[in-house]
Each structure stands twice: as structure tokens, then as C-alpha cells.
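# Examining the three-dimensional arrangement
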Amino acid sequence: MGLFDRLFGKKKQEEQVVNEEQLAADQQEQITDEPVSTVIEEKKHADQKVEQKEEPVVPKEGLSSAQPKDSEQVLPRPTAEPTLINPSEETSENEEVSAEPVVTEPQIKPTSDEPVSPAAEPEPVAEEEDIVIDIDALADIFTQSREETEKKYEQSLSLTRKTFADGFNELFANFRTVDEEFFEELEETLIMSDVGVDLAMEITEELRKEAKLVNAKSTDDLRQLIIEKIVDKFDGEKLPSRLDIQPEGLTVLLFVGVNGVGKTTTIGKLAARYKNEGKRVLLAAADTFRAGAIDQLVEWGNRSAVEVVTKPAGSDPAAVVFDALAKAKADNYDILLVDTAGRLQNKDNLMKELEKIGKVIKREIPDAPHETILALDATTGQNAIQQAKEFSAVTPISGIALTKLDGSAKGGIVLSIVQSLKIPVKLIGLGEKLNDLQDFDEEFFVRGLFKELL
Ligand SMILES: Nc1nc2c(ncn2[C@@H]2O[C@H](COP(=O)(O)OP(=O)(O)OP(=O)(O)O)[C@@H](O)[C@H]2O)c(=O)[nH]1
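Everything numeric in this text was worked out from a predicted model, so none of it was measured.

Another aspect to go through is the overall build of the protein chain. Along the backbone of the protein chain there are 18 helices and nine strands. For the protein chain, the residues scored as buried account for 45% of the 454 residues in total. Residue pairs in contact within the protein chain that sit at least 24 positions apart in sequence constitute 78% of those at least 6 positions apart.

See the structure below:
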């Protein structure tokens, strides 16, 4: 059964029954796959770790037990100024070759009943002090029911849904009979909804044929068929939607994307997620182009209580990755998240840089990186598609993290990315909070997009 049938039912009169039965079955099935149990399992595991004091877990800010447990805490953007540090101020040696890596350990605070005020931060606790850690605050943030997740999708897609609804309502209000003018306008409406020109043309062409076959007279006869076509095209790709996390050993995830799309935020949110699952997480600040980018990652490391391997701005990014891999292997880390500089302006340099990073990774772990994730900003619409094309020409992309869907009216680009680029969207950003990064769920997405149109 296709995605459309699963979600909305084939015929309108069957809709209620099919949806309810199917949804109940789907939910049952998905509940079994639900990471909640894993979270609980991992939480236990993490608790044990805490008891053994192997690894302090309370992050520097935003996650201590004093924070609200319902994840309402909005994490402010790190404020580090994006000034380029002159490497010679940091070290007198040649950075490319000899800059010593710095492993920034997360700053740790004792659990306290007092709210943590950023203005009056306590001094970092000395290592030998007894640290009481409350991992529940972190775990609670990530424990979310499917209903809550679906609601989040629904809220975040409201602007995109409005784009679709406005376009379609206008189309059907203006055209009552099925004629060539209607099809031209339909194509235009689809393009304006950011599904991409190719997909818009393909769908319109198929509809022209089907309208003839069923001898459709009224445009209303085609209303459901249009959405059915869009949804089933999307579903037809069957691309892997989950991140390829290794059950054993180190998983290396490489992040690419232009400045400002939300790459660092995505890495920070993922680090917190895996940390919460009891995994040992390490970050590599291989975006050495800007000192601000390094500071920003270190700040996220503090928030998620994970270590960050850095070198001074201007250092060789591959050298940072080399050091991070050495540390990850030596200290048995589970996940290494690598931030890179995405300077599309100079494709040759970017290609060389990513090639070198890739070689360094492969030398240490032949089947890594396990994912190369391209971060794209959903608010930029077709521009994001263009970026995806350009990055794909530079390096193979295994998945997309589509950020800022919550503030975008152009969420239709998910359809375009999947259909025309054949790259799966694996993560979506639905806000700035720590738990606003979600695994992409096509059913929630499609329902959130079209539910009011049928
Ligand atoms: N609303 C919303 N904002 C987001 C989301 N993801 C990231 N942002 C915001 O987008 C801005 C840019 O995010 P960054 O993570 O700094 O982007 P970047 O790609 O790392 O940029 P550079 O560090 O300059 O390379 C920040 O203000 C984030 O808080 C999201 O899913 N929703």
C-alpha cells in the first residue's frame, strides 16, 4: 500500500476507517521501534556510568536538573564573535603541521536546586570535587511520545501547509472545469509550493493523461489525485532515512554545508542526543576557517557535556580530524561528529579539503565516514536545492539535515530534494531547542503538509 493510501485512504468515504485502522497498526509497529525504550536502556547505562564517576554528564548550561524538564528551555546561539584569529597570535609554529590539538573538556557544574543564571555562573568545579549528576533532566528532554513528535511536525509545518493550502484553494476557486489553462496553472502552483520544476512538470503531465482517462470534467475530481501523486512520488524513492550508526565501534559523521545553515547547531543537538543515549561522543572542530566557528562548537560541546578537539583557526582541517580520530580510537568513543567549513565560493579548495579529510578518515577507519550529512536551510527554498547539487558535485552526500523548517514556508523542498536529487532527508530542524532536531519521518511530514487539503 502506498504512502498516500496508508495516510489518507484511497477513497474519501473510506478515509475514516482506513486511517484509523492503519494508523493504529502503524503506531503499534512504530512504538516497538520507538527509541524511548532505548533511551531508558541507555539512560540506565548512563546512570551506571555516572555512579562509577567515569564521566560527568551535567552540561554547562541549559541541561542541569534545575532547568525545566519539559524542554522549554531555548538555547541561545553561542555569542562568540566570528573574528578570524591570526594563528600567529595563538602559536608561533606552522599551524598546518605542528599546532598541538586542544581537547576542550566540557565544563561541569554540580547539580543545584537553584536555577542556573548565565549572568552568575559558578566557577567550574575542581576535578577532585565530588560531582552530583542528575542525568534525568537530559533524558527527559529527549523522551517524547509519538503524539508529541507528530504535533511538533504539525506546528513546524504550519507555514508550508499554508503555502500549499493557499495555492490549491486559489487554483480550485479560479478553475472549475478541467482544461489546458487549469493544468498550466496547476504546474505554476506546484512550482510556487517549492516541489521543484521537474516534479511539478511530471505531476502535471501525468494528471493530464489521467484526467483524460477518467474523463474528468470538474477540477474537484482531480483534487485528491494531485496530492496522491505528490505523496506517492515521494514515497516511491524508498531512500534510507535513518543515520547509519554502527552497532559496534566508532561511527564517524561528517557535516558539510555553507555558513549559517545550522550545521553547528545540528551537531550540537545530535551530540546531546547521543550523549543522552549513553554513548561516548567526541566533536572535531574542523571548520578552522573562522575562529568563531571553533568557539561555537566548543560552546555546544559545553552544553552537551562532550569534548571537542580543536586547533587554532587557520590550521589544517584534516589535522584536526586526524587528532580527533586518534583520540576517539584510543579512548573508545562511539560517535565522532566532524564540523567542516563549507566554502562553496571556492569549489576547488573545498573539494581538496574534503578529499583530504576523507583520506585521513579512511586511513584510520576504511568504511568511514559512515555518513556525510549536508546541512541545508529550509527557508532558502530552491537555493538549498542548488547548494545540494553543488555539494554533491564536490563530495558524495549520504543524507540531508534540513534545518529551520519551523520558520519556513518552503518545506515543499523536501519533496524536491528526495525526488530530484535522490538524497534522503535524514534529520530535520524544527526549532532552536535541544530536542528540536528530529529524525525525518515521512508520514508525519506528509500528514503535516496535506492534512487540511483533503
Ligand atoms: N528556527 C530554527 N533555527 C535554527 C535551526 N537550526 C539552526 N538554527 C539557527 O540558525 C542559526 C545558524 O545556525 P549555526 O548552527 O550557527 O549555523 P552554521 O551552519 O554552523 O553556521 P557557521 O557556524 O557560520 O558555519 C542559529 O541562530 C541557530 O540557532 C532550526 O531548526 N530552527
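Quick look at the site of the ligand now. Near the ligand you find 21 residues, and of these Gly 262, Lys 263, Thr 264, Thr 265 and Gly 429 are the closest. Among the secondary structure elements, those contributing two or more residues to the shell around the ligand are helix H12 (263–276) and helix H13 (291–304). The biggest single contributor to the shell around the ligand is H12, with three residues. The residue inventory of the shell around the ligand, partitioned by class, reads four nonpolar, 11 polar and six charged.

The contact between helix H7 (residues 146–156) and helix H18 (residues 442–450) brings their axes to 9 Å, and the two run at 45°. Accordingly, the angle class assigned to the pair H7 and H18 is oblique. In the packing of H7 onto H18, the handedness of the crossing is right-handed. Here H7 contributes Thr 149, Glu 150, Tyr 153 and Glu 154 to the contact with H18, which in turn contributes Phe 444, Phe 445 and Gly 448.

Residues Val 321, Leu 336, Leu 337 and Val 338 are the most contacted members of the largest nonpolar core, which totals 100 residues. Here this core gets eight residues from one element, more than from any other, and that element is helix H14 (residues 317–330).

Our next topic: the pairing of strand E6 (residues 371–377). The two faces of the sheet receive side chains in turn, since in a regular strand these alternate between them. Burial within E6 is extensive, with seven of its seven residues counted as buried. Burial along E6 is two-sided: Glu 371, Ile 373, Ala 375 and Asp 377 and Thr 372, Leu 374 and Leu 376, pointing in opposite directions, are all buried. Pairing analysis gives four bridges linking strand E2 (residues 251–256) to E6, with the strands arranged parallel. Each residue of the ladder has a partner; that of Val 256, found in E6, is Leu 374. One ladder, built from five bridges, connects E6 with strand E7 (residues 399–403); its direction is parallel. Across the sheet, residue Ile 373 finds its bridge partner in E7, namely Gly 399. Between the parallel elements E6 and E7, the chain passes through helix H16 (residues 382–394) in a crossover that is right-handed.

Below, the discussion takes up the UniProt feature "domain: SRP54-type proteins GTP-binding" (unreviewed entry) in the protein chain. When the UniProt feature table is mapped onto this chain numbering, "domain: SRP54-type proteins GTP-binding" (unreviewed entry) sits at residues 424–437. As annotated, residues 424–437 comprises 0% helix and 43% strand, and the C-alpha atoms at either end are separated by 16 Å.

A few words on the sheet that holds strand E5 (residues 335–340). With respect to topology, nine strands assemble into an open sheet ordered E1-E4-E3-E5-E2-E6-E7-E8-E9, the strand pairing being mixed. The sheet terminates laterally at strand E1 (102–104) and strand E9 (437–439), the two strands that pair on one side only. Pairs of neighbouring strands in the sheet enclose a mean axial angle of 25°, with direction left out of account. Contacts from H12 reach E2, strand E3 (281–286), E5, E6, E7, strand E8 (425–429) and E9, with the element oriented near 170° to E5.

With respect to the helices and strands, Asp 436 occurs in the loop between E8 and E9. Here Asp 436 falls in the buried class, since 20 other C-beta atoms lie within 10 Å of it. The spatial distance from the C-alpha of Asp 436 to the C-alpha of Leu 171 is 34 Å, given a sequence separation of 265 residues. Once residues within four sequence positions are removed from consideration, Asp 436 is found in contact with Gly 429, Leu 430 and Gly 431.

Attention shifts here to the environment of Lys 356. Mapping Lys 356 onto the fold places it in helix H15 (residues 347–364). You can call Lys 356 partly exposed: it has 16 C-beta atoms within 10 Å. Separated by 37 residues in the primary sequence, Lys 356 and Ala 319 have C-alpha atoms spaced 9.4 Å apart.

The omega torsion across Ala 368 and Pro 369 is 0°, close enough to zero to call that bond cis. As for its placement among the helices and strands, Pro 369 is situated in the loop between H15 and E6. Even without glycine at this site, Asn 215 takes up a positive phi of about 55°. Position of Asn 215 among the secondary structure elements: in the loop between helix H10 (197–213) and helix H11 (220–236). What makes Asn 215 exposed here is the crowd of 8 C-beta atoms within 10 Å.

Running from N to C, H12 and H13 cross one another at 25°; their axes reach a closest spacing of 9 Å. Looking at the two axes, H12 sits roughly parallel to H13. Here the hand of the crossing between H12 and H13 comes out right-handed. Only Ala 293, Gln 296, Leu 297, Trp 300, Arg 303 and Ser 304 of H13 make contact with H12, whose side of the interface consists of Thr 264, Ile 267, Gly 268, Ala 271, Ala 272 and Lys 275. The residue inventory of the contact of H12 with H13, partitioned by class, reads six nonpolar, four polar and two charged.

With that out of the way, let us pick up the pairing of E8. Of all five residues making up E8, five are buried, and the element is well covered by its neighbours. Read as a crossover between parallel neighbours, the route from E7 over helix H17 (residues 413–421) to E8 is right-handed. Two elements, E8 and E9, share three bridges in a ladder whose sense is antiparallel. When the sheet's bridge partners are listed, Gly 429 is paired in E9 with Leu 437.

About the thresholds
Residues numbered from 1 in each chain as written. Predicted model: local features only at pLDDT ≥ 70, side-chain atom pairs only at ≥ 80, totals over all residues. Helix = DSSP H or I, 4+ residues; strand = E, 2+ residues; numbered from the N terminus. Buried ≥ 20, exposed ≤ 12 C-beta atoms within 10 Å, placed from the backbone. Contact = placed C-beta atoms within 7 Å. Near = placed C-beta within 6 Å. Nonpolar A, V, L, I, M, F, W, Y, C, P; charged D, E, K, R; others polar. Axes fitted to C-alpha atoms, helices over the stretch in contact; angles between N-to-C directions. Parallel < 35°, antiparallel > 145°, perpendicular 65-115°, else oblique. Left-handed = near helix turned anticlockwise from the far one by under 90°. Core = buried A, V, L, I, M, F, W, Y, C linked by C-beta atoms within 7 Å. Pairing = 2+ DSSP bridges. Right-handed = clockwise from strand over helix to strand, strands pointing away. UniProt positions renumbered as here; feature names shortened; annotations may be inferred.

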